[in-house]
Amino acid sequence: MSESRVSITINNGFAEVQLNRPDKRNALDMAMFYDLDKVIRKISKDKSIRAVIVSGAGDDFCSGLDIKSVMTKPVNGIKLLWKWLPGNANLAQRVVVGWRRLPVPVIMAIHGRCWGGGTQIALGGDFRIASPEANLSIMEGRWGLIPDMGGTLTLKEILSVDQAMEWAMSAEEISAESALEHGLLNQVADDPLAAARALAEKLTIGSPDAVAGVKKLYHRAWHRDQRAVLARETFYQWRILLGKNRSIAVKKQLSDPTISFAKRKSW
């Protein structure tokens, strides 16, 4: 199966998914959001799949949201954030939490840039393996946004609140070495895709039901208020999108770094 933005190959029980927009450093446009959502649904229906490996084509895993493509049309924000109930996952969140909900191990093989939405997608995996030169960033703050794709669920499980806030507020780039030290990565390897395949082989030796049961049990034991987190992410993002400072942040990045922010809202 091949989508316009995402490719998937299924072989001997292993699904290898690749973000396939290398000319744009795999930046997330609306088509990629939709294709990732479709691929996750496809995998969820195939009970022969034992493990999933996600990687990126070209020089980078994913450089984040394609701001010029997505944010120039207000309707895209509605499409990404719309949900019927506050605790449901919207489109932006489904491409992250969708990996968590699959009853098989999901391994992210990261190289190059893994920024913003790319880091959020990586956080959706159960395991993250990166090349030594890879760097990650919770970069949404650079554009006047908050991380709202569901990666908060994983950050809560693996990082202290002060470290998570520092990285999200500063939008700084995080080296693979630092990410490994803080638990954001499970492993650093010269060939992350080969290492991911080796890990997938190890994790699928036993019963597929036992593996699925462990994943579901541990996610529920470690994190019980997923719906509340997803609801807060979206509510806070709407408040930001409807304010002045989000558009000012974009202008500071794209055209005028000297422009000043407006006064903060009451939070």
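Conventions adopted
Residues numbered from 1 in each chain as written. Predicted model: local features only at pLDDT ≥ 70, side-chain atom pairs only at ≥ 80, totals over all residues. Heavy atoms only, no water. Buried < 20%, exposed > 50% of the residue type's maximum accessible area, 1.4 Å probe, protein only. Helix = DSSP H or I, 4+ residues; strand = E, 2+ residues; numbered from the N terminus. Pairing = 2+ DSSP bridges. Right-handed = clockwise from strand over helix to strand, strands pointing away. Salt bridge = Lys/Arg side-chain N within 4 Å of Asp/Glu carboxyl O. Core = buried A, V, L, I, M, F, W, Y, C linked by side-chain atoms within 4.5 Å. Contact = heavy atoms within 4.5 Å. Axes fitted to C-alpha atoms, helices over the stretch in contact; angles between N-to-C directions. Parallel < 35°, antiparallel > 145°, perpendicular 65-115°, else oblique. Nonpolar A, V, L, I, M, F, W, Y, C, P; charged D, E, K, R; others polar. Phe/Tyr/Trp six-rings, centres within 6.5 Å; stacked < 30°, edge-to-face > 60°.

> So what exactly am I meant to see when it comes to the pairing of strand S3 (residues 51–56) here?
Among the six residues in S3, six count as buried, and that is most of the element. Relative to S3, strand S2 (residues 14–19) is paired through six bridges, and the arrangement is parallel. What sits directly across from Leu19, in S3, is Gly56. Assessed by its sense of winding, the connection that carries the chain from S2 through helix H1 (residues 30–45) to S3 is right-handed. Pairing of S3 with strand S4 (residues 106–110) involves three bridges; the strand directions are parallel. The residue of S4 that forms the bridge with Val52 is Val106.

> Got a minute to help me understand the pairing of strand S6 (residues 127–130) in this structure?
Pairing of S4 with S6, which is carried by four bridges, proceeds in the parallel orientation. Along S6, the bridge assignment pairs Met108 with Arg128. Alignment of S6 against strand S9 (residues 187–188), held across two bridges, turns out to be parallel. The residue bridging Ala130 from the neighbouring strand is Val188, located in S9.

> I keep staring at the pattern of salt bridges and nothing clicks. Help me out?
Under the counting rule described, the total for this entry stands at 11 salt bridges. Its salt-bridge partner being Arg113, residue Asp60 comes within 3.3 Å of it at the nearest N-O pair. Residue Asp60 is found in the loop between S3 and helix H2 (67–70), and its partner Arg113 is found in strand S5 (residues 113–115); the two are separated by 53 residues along the sequence. Given a relative accessible area of 26%, Arg113 falls into the partly exposed group. Where salt bridges share partners, they join Arg5, Arg21, Asp29 and Asp66 into one cluster.

> Sorry if this is basic, but what is going on with the nonpolar core here?
Nonpolar side chains tend to gather and get buried jointly when the protein is soluble and globular. Counting residues in hydrophobic clusters, the biggest one holds 48 residues, and the most contacted among them are Ile43, Val52, Trp99 and Ile121. The dominant element in this core, judged by the number of residues it contributes, is H1, at seven residues. Not counting the four nearest positions on each side in its chain, Val52 is found in contact with Ala15, Val17, Ile43, Trp99, Leu102, Val104, Pro105, Val106 and Ile107. Ranked by size, the runner-up nonpolar core spans 11 residues in total, among them Phe14, Ala109, Ala189 and Leu199.

> I would appreciate a short explanation of the packing of helix H3 (residues 74–81) against helix H11 (residues 226–241) in the present structure.
When two helices pack together, their arrangement is captured by the angle between the axes and the distance separating the axes. Here H3 crosses H11 at 170°, and the two axes come no closer than 11 Å. When the axis of H3 is compared with that of H11, the two are roughly antiparallel. Listed contacts from H11 to Gly77, Ile78 and Leu81 of H3 are Thr234, Gln237, Trp238 and Leu241. Residues belonging to the contact of H3 with H11 are distributed by class as follows: four nonpolar, three polar and no charged.

> Would you mind going over the sheet that holds S4 with me for this structure?
Pairing between the strands of a sheet is mediated by backbone hydrogen bonds and can be parallel or antiparallel. Spatial ordering of the open sheet is given by S1-S2-S3-S4-S6-S9, a layout of six strands whose pairing is mixed. Of all strands in the sheet, those with a lone pairing partner are strand S1 (6–11) and S9, marking the two edges. Against the sheet, helix H9 (residues 192–203) contacts S2, S3, S4, S6 and S9, and its axis sits at roughly 165° relative to S4.

> Looking at this structure, how should I read unusual backbone geometry?
Across the chain, the bulk of peptide bonds are trans and the bulk of non-glycine residues have phi less than zero. Residue Asn26 is not a glycine yet carries a positive backbone phi of 55°. Turning to its location among the elements, Asn26 is positioned in the loop between S2 and H1.

> What is the right way to read the packing of aromatic side chains from this model?
By convention here, two paired aromatic rings are described through the distance between centres and the angle between planes. Scanning the entire structure with this criterion turns up four aromatic pairs. Considering the side-chain rings of Trp82 and Trp84, the 5.4 Å spacing of their centres and the 75° angle between planes classify their relative orientation as edge-to-face. Per residue, the accessibility class of Trp82 equals that of Trp84, and both read exposed. Centre to centre, the rings of Tyr218 and Trp222 are 5.2 Å apart; their planes meet at 35°, and the pair counts as tilted. Taken together, the positions of Tyr218 and Trp222, both in helix H10 (residues 208–222) and four residues apart, correspond to about one turn of that helix. Tyr218 gets classed as partly exposed once you look at its relative accessible area, which sits at 45%. Following the ring pairs from residue to residue traces out a cluster consisting of Phe235, Tyr236 and Trp267.

> Is there a simple way to explain the sheet that holds S5 in this structure?
Strand order in the open sheet formed by three strands is S5-S7-S8, and the pairing between neighbours is mixed. Unpaired on one side and paired on the other, S5 and strand S8 (174–175) mark the two borders of the sheet. Pairing of S5 with strand S7 (residues 135–137) involves three bridges; the strand directions are parallel. Within S7, the position partnered with Arg113 by the bridge is Asn135.

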